[in-house]
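Overview (structure and organization)
Chain by chain, the residues run as shown.
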Amino acid sequence: MRNQLLVILCSISVLCFSQEEEKKPFSLDFSPFYGTILEHNPDISHLITDHPAGFVLSYNRKTYGFNAWERRYNYPDWGFSMTYQDMKNPYLGENIGLYGHFNFYFLNRSLVFRIGQGIAYTNKPYDKTENYINNAYGSHLLSSTYLKFDFIKENLYKGLGFNAGFTVIHYSNANIKAPNNSTNTFAFSAGLNYVFDAEEFPEYIPEGERTKYSEPFKYNFVFRSGVNESDINGSGQFPFYVFTGFVDKRINHKSTILAGTELFVSKFLEEMIKHQSIAFPELGVKGDEDYKRVGVFVGHELRFNKIAFITHLGYYIYYPVEFEGRVYNRLGLKRYFSDKIFGVVNVHSHGAKAEAVEFGLGIRL
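Everything in this summary refers to the structure shown in the same document. Residue positions are given per chain, counting from 1 as you read along its sequence in written order. Local features in this predicted model are restricted to residues of pLDDT 70 or higher, and side-chain atom pairs are both shown and tallied only at a pLDDT of 80 or more, whereas totals for entire chains, interfaces and linings draw on every residue. No hydrogens and no water enter the side-chain calculation; it runs on all heavy atoms of the structure.

1. A few points about the overall build of the protein
From N to C terminus, the protein includes three helices and 16 strands. Principal-axis analysis of the C-alpha atoms places the extent of the protein at approximately 95 × 50 × 35 Å. Burial classes: relative accessible area under 20% of the type maximum marks a residue as buried, over 50% as exposed, and values in between as partly exposed (1.4 Å probe, protein chains only). Taking all 365 residues of the protein together, the buried fraction comes to 43%. Restricting to contacts in the protein with at least 6 residues of sequence separation, those with at least 24 account for 60%. Accessibility throughout is a Shrake-Rupley quantity obtained with a 1.4 Å probe, and a residue counts as covered only by protein chains that appear here. Accessible surface, the protein: about 19100 Å² in total, of which carbon and sulfur atoms supply 63%. Counting from the N terminus, the helices are DSSP H or I runs at least four residues long and the strands are E runs at least two residues long. Only heavy atoms matter for contacts: two residues are in contact if any of them lie within 4.5 Å across the pair.

In structure tokens form, the structure reads like this:
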């Protein structure tokens, strides 16, 4: 009797464990596209000569509410994608990109919005002797973002479905090296998707009653760095350093608001000031102006479990020399390694004009 009871208890333990084990369904999709390069800057008009074409190939890890954050965002996908694009211009060449992405679903999962962020490789960047016509990309490696809006139907027949919509792909090296006029492609796309083991896809776990959540004010300190170059071709790459302090307040499961101040130490500005004082005396630059700037900013974080999408809007209160205007913005991703330590990658811009890609490490107290 004692042995039978032990067997029953072990069976119950195994059953409970199997019920709590997370399933990991996934899908693949392939979407060819055909479009046009948008003339966001008249300086690249000579590079728009034909209609670029390519494809997006994606791996999508499906969610069904096993984790609470999945239920809050209507069971999104996360995954990895690759793009190939023939720019249909002999000076722009071809681009290949690798991304991490999220898919968000709407209207009973008939519409999907994807945002992907990653890096791309271009095979024909600017070269002062061999490819000086290309003033869009200054280096082989580029920062790239793409947006994808699709009407989608999954698992129409044994896991196979289709999707159709449009895609916007942005390529820029964020002034890591000049020139950096960038490109934006608007394209129409259509393709197929396949959900593996569709017949075994788990039931969506209901969200249940929404709970209130907040955290007390927290103090944050971040150090960011990287390299960049001014808009003057061949002026050289220089390091920059950003020292940031801010206070944040998490107001619910999804949103954190924040405000702070920061010091920018940009060595490329020091060289630009020297160049302008000599080459453009009409600008009134003496050459001994301070190349440091101080900004104040407000911002928001949109949390997805340990990942956050950050947006900042700032204003330089100390601004000794003119460069792209006093207002700046920042977009990027933050990864929380623990409750106190986080890493961040973002683009520091002035409107649509990028100044730098910033890599940072911070502490939240």
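From this point, the discussion proceeds with the structure in view.
2. Some thoughts on the sheet that holds strand β11 (residues 255-266)
The strand order around the closed barrel built from eight strands is β9-β10-β11-β12-β13-β14-β15-β16, with neighbouring strands paired in antiparallel fashion. The sheet shows a mean angle of 25 degrees between the axes of neighbouring strands, direction not considered. Pairing between strand β13 (residues 307-318) and strand β14 (residues 327-336): nine bridges, direction antiparallel. Bridge assignment links Ala308 to a residue of β14, and that residue is Lys334. Packed onto the sheet, helix α3 (residues 267-279) meets β9 (218-228), β10 (238-250), β11, β12 (292-304) and β16 (353-364) and runs at close to 45 degrees relative to β11. A pair of strands is treated as paired once DSSP finds two or more bridges between them. To define axes, lines are fitted to C-alpha atoms, for helices over the stretch in contact only, and angles between the resulting N-to-C directions are given on a 0 to 180 degree scale.

3. Observations concerning the pairing of strand β2 (residues 53-61)
Sheet topology note: the strand β1 (residues 26-37)/β2 ladder contains nine bridges and is antiparallel. Bridge pairing in β2 places Phe33 opposite Gly54. Both β2 and strand β3 (residues 77-86) contribute to a ladder of nine bridges, which runs antiparallel. Looking at β3, one finds that Gly54 is bridged to Gln85.

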